[in-house]
Structures are given as C-alpha cells and as structure tokens.
Amino acid sequence: MNALTLVITILQLLCGLAIILIVLFQSGKSAGLSGAIGGVADSFLAKNKAKTLDAKLARATKWVGAVFLILTLVLLILQ
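These remarks concern the structure in this document.

## Quick notes on the nonpolar core
For step 1, the next point in the chain: Formed by Ile8, Cys15, Ile22, Leu57, Val64, Leu71 and Leu75, the largest nonpolar core amounts to 7 residues.
For step 2, the next point in the chain: Secondary-structure elements contributing two or more residues to this core are α1 (3-25) and α4 (53-78).
For step 3, the next point in the chain: Ranked by the residues each element gives to this core, the list is headed by α4, at 4 residues.
For step 4, the next point in the chain: Those residues in contact with Ile22, other than ones at most four positions away along the chain, are Leu57, Ala60, Thr61 and Val64.

Shown next, in the form of structure tokens:
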C-alpha cells in the first residue's frame, strides 16, 4: 500500500465518521398528527428553513457523502 492510498483511506475514514455524526445530530422528521397540524406553520415559516441547523446539517450530509463517494471511486481506481 503506497502513501497516496493510505492518505485517501484515512480521509475516507474521517468522512465516514463525519457522516455518522452529522446524521446523528439531525432531528427526526415527524409524519404523525403533529406533523399534519404543524404543516400550516411550516409553510408560513418555510422562508427561514434554509437557515436552520437541520437544513445546514442536511446540506453537510450531502457534501460529505459526495466526498466519501468520490474517495471510494478514487480508491477503486488506485487498486
């Protein structure tokens, strides 16, 4: 195993741990009766939804997941 493969493997490990932590910090989405009642308030407050912590965590999940996927493909090519 050369140095480049080792570095990419360590980066992939860190990305995997970051994905786990980001997903654990996100709050669950309620789809029950409270979700149906809160739907009206949701549409009223939707303009500030992009600034919430959950929205930032969801965006971070997508980016870290994309980096993880790219690192996986690079490791596949290198081996």
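## Concerning the side chain of Thr5
For step 1, the next point in the chain: Position of Thr5 relative to the elements: it lies in helix α1.
For step 2, the next point in the chain: Residues in contact with Thr5, not counting those within four places in the same chain, are Leu75, Leu78 and Gln79.

## Here's the deal with α1
For step 1, the next point in the chain: Counted at 1.5 Å a residue, the expected span for α1 with its 23 residues is 33 Å, and the 33 Å between its end C-alpha atoms agrees.
For step 2, the next point in the chain: Every buried residue belonging to α1 is among Thr5, Ile8, Gln12, Cys15, Gly16 and Ile22, and all of these are buried.
For step 3, the next point in the chain: Contacts made by the buried residues of α1 are with α4.

## What about a nonpolar patch on the surface?
For step 1, the next point in the chain: Residues Met1, Leu6, Val7, Ile10, Leu11, Leu13, Leu14, Leu17, Ile20, Leu21, Leu24 and Phe25 make up a contiguous nonpolar surface patch of about 1,300 Å² in total accessible area.
For step 2, the next point in the chain: Here Phe25 shows up in helix α1.

Rules and cut-offs
Residues numbered from 1 in each chain as written. Predicted model: local features only at pLDDT ≥ 70, side-chain atom pairs only at ≥ 80, totals over all residues. Heavy atoms only, no water. Core = buried A, V, L, I, M, F, W, Y, C linked by side-chain atoms within 4.5 Å. Buried < 20%, exposed > 50% of the residue type's maximum accessible area, 1.4 Å probe, protein only. Helix = DSSP H or I, 4+ residues; strand = E, 2+ residues; numbered from the N terminus. Contact = heavy atoms within 4.5 Å. Expected span 1.5 Å × (residues − 1). Patch = residues over 30% accessible without salt bridge, like charges linked within 9 Å, V, L, I, M, F, W, Y side chains within 5 Å. Areas by Shrake-Rupley, 256 points an atom, 1.4 Å probe, with all protein chains shown as cover. Salt bridge = Lys/Arg side-chain N within 4 Å of Asp/Glu carboxyl O.

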